[in-house]
Amino acid sequence: MVQCLLFNRAGQFGFVYRYKKGFDYQQKCGLVNVKLKWAKDRALDGVVAGERDVRAACILVSMISSTRQCRLPIYHLSRRRGQLGLPHDLKLSTFVRRYPSVFHESYVFDSGGTRVPCFGLAPEALELHGEELNVFEENRMDIVNRLRKLLMLTREWTLPLQTIDQLKWDLGLPYDYHASLIPYHPELFSLVNLPDDRVGLKLLSWDDELTVSELEKNAALQQNEEDMKDGCLAFPIGFTRGFGLKRKCMDWLKEWQRLPYTSPYTDASHLDPRTDVSEKRIVGVFHELLHLTIQKKTERKNVSNLRMPLALPQKFTKVFERHPGIFYLSKKNDTQTVVLREAYDRQKLLQRHPLVEIRERFASMLRKGLLDRSRGLYKTSEDSDLEHERLNDAYDDEISDNQCISEEESCCDLPSKYDSDEPVHDPC
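Fair warning: this is a prediction, and the values are worked out from it, not measured in the lab. (Residues numbered from 1 in each chain as written. Predicted model: local features only at pLDDT ≥ 70, side-chain atom pairs only at ≥ 80, totals over all residues. Heavy atoms only, no water.)

## Quick word on the overall build of the chain
Our working definition: Each helix corresponds to a stretch of at least 4 residues labelled H or I by DSSP, and each strand to a stretch of at least 2 residues labelled E; elements are numbered beginning at the N terminus. Partly exposed describes any residue whose relative accessible area lies between the buried limit of under 20% and the exposed limit of over 50%, with all areas from a 1.4 Å probe on protein chains only and scaled to the type maximum. Residue contacts are defined here by distance: any two heavy atoms, one from each residue, within 4.5 Å place the two residues in contact. Computed by Shrake-Rupley with a 1.4 Å probe, the accessible areas treat only the displayed protein chains as cover when residues are assessed.
In terms of helices and strands, the chain carries 20 helices and 14 strands. When each of the 428 residues of the chain is scored for burial, the buried share is 55%. Considering only intrachain contacts with a sequence separation of at least 6, the fraction spanning at least 24 residues in the chain is 73%. Surface accessibility of the chain: about 20,700 Å² in total, with carbon and sulfur atoms responsible for 49%.

Rendered as structure tokens:
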């Protein structure tokens, strides 16, 4: 359970903190060396748990459904394993066979007569995927605007496709957005060649209506007029129940909330990265970025290579440890996932995108299949599943590599020019 300690009205802080405007003030306000401890939040851990399997299953469904006969040999799926985020010691075939309610197994023969597993989709999974495609179409402009705002956060309105691929699940982009979304908006997007020989996506036009951050949208309802006029916008803060906050940390946090808020869509090159004002801008960037995701969370590694595009200083993701009242770092699934605290009431997502319901129904289908399999309801004869076909027929079903192999996988072994930071393991 999460107890909300909201600093939504600066007048509630019980003290007056006056400041001078402008560059001179910002340079004199140094970065205070305060670290807050990490505390386990079972409710938000529950939000992250199970996400990995749902994501992997949905990506596989998208791959298989894109073929003419809605099935692919296991080795074709294995080529794209890097997109799934599954543990390295887990065989892909083992994962797929866990969920017979979604994936149906059959066999084909290769040219040497060897029997090769081939996976298709259950009718229920195909139907749900069709509903997902309808949701994509009905919410096309919302999805386009999320992508536009992501690019508007960057310094040059450009990101490598590899980076976008890492975020596409969280942003709610279609699996094949390269083909199904980008080409239909040539007035907004253009594919460009980057200096490191990668392909990037560039935004062609700026829209002032999209540059109002989520914090600014809610500020009129949450904060007083004087703070709005001075630009002292405070972030909603919440801590895990039982979280102990020392007086020193409380005083610093109250003062930090009173600092000027710099919109993540404005140029912040004048800010000294060694100041709390600059740190508040970094927090604002990730606060906005998480609001662009449909479930208000993403893996830490997905943003660790955004330093140069977002014009951030070194070690920028340390703000996740320094501000556990704004962000929660879940360590489930053998990774670190950043969750925006204000977006959840315990495990309930407060703003639900239509895609969230589709994913929850996929999760329910996976749980049912796993349970039925444990009960022995999916025992079938290998002979009844055997299809006497040549493996060459399966080649006709394969998706074109130019359209379907993700930039994330094809570039995963290449060194990135974007610097990443190191997580803090021993916060005070």
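## Observations regarding the packing of aromatic side chains
For the record, the criterion: Pairing of aromatic rings covers Phe, Tyr and Trp, the last through its six-membered ring, and needs centres within 6.5 Å; plane angles under 30 degrees mean stacked, over 60 mean edge-to-face, and all others mean tilted. Charges are assigned to positions over rings by a cutoff of 6 Å between ring centre and Lys NZ or Arg CZ, combined with an angular limit of 35 degrees from the ring normal.
Scanning the model with the defined rule gives 9 aromatic pairs in all. Among the aromatic side chains, those forming a connected cluster through ring pairs are Phe-235, Trp-252, Trp-256 and Tyr-261. Above the face of the Tyr-107 ring, Arg-115 is positioned so that its terminal group lies 4.4 Å from the ring centre. In this structure, Arg-140 is placed above the aromatic ring of Tyr-184, and the distance from its NZ or CZ to the ring centre is 5.7 Å.

## So, the sheet that holds strand β6 (residues 189–193)
The condition that has to hold: Strand pairing is assigned whenever DSSP detects at least two bridges linking the two strands. As a rule, the C-alpha atoms of each element are fitted with a line to give its axis, helices using only the stretch in contact, and angles between N-to-C directions run from 0 to 180 degrees.
In spatial order, the strands read β5-β7-β6; together these 3 strands make up an open sheet with antiparallel pairing. The open sheet terminates on both sides in strands that have one partner only, identified here as β5 (158–160) and β6. Going from strand to strand, the sheet's axes swing by 30° on average, the running direction of each strand aside. Bridge analysis of β6 against strand β7 (residues 199–203) gives 5 bridges, and the strand direction is antiparallel. Residue pairing across strands places Ser-190 opposite Lys-202, the latter belonging to β7. In the packing of helix α7 (residues 140–152) onto the sheet, the strands contacted are β5, β6 and β7, and the crossing angle to β7 comes to about 100°. Lying on the sheet, helix α8 (residues 161–171) is in contact with β5, β6 and β7; it crosses β5 at an angle near 80°.

## Quick word on the environment of Val-356
Of note, Val-356 is situated in helix α16 (residues 354–374). Looking at Val-356, the relative accessible area reads 2%, which means it is buried. Distance from Val-356 to Gln-295, taken between C-alpha atoms, is 7.3 Å for residues 61 residues apart in sequence. Setting aside residues up to four positions removed in sequence, Val-356 forms contacts with Ile-294, Gln-295 and Leu-349.

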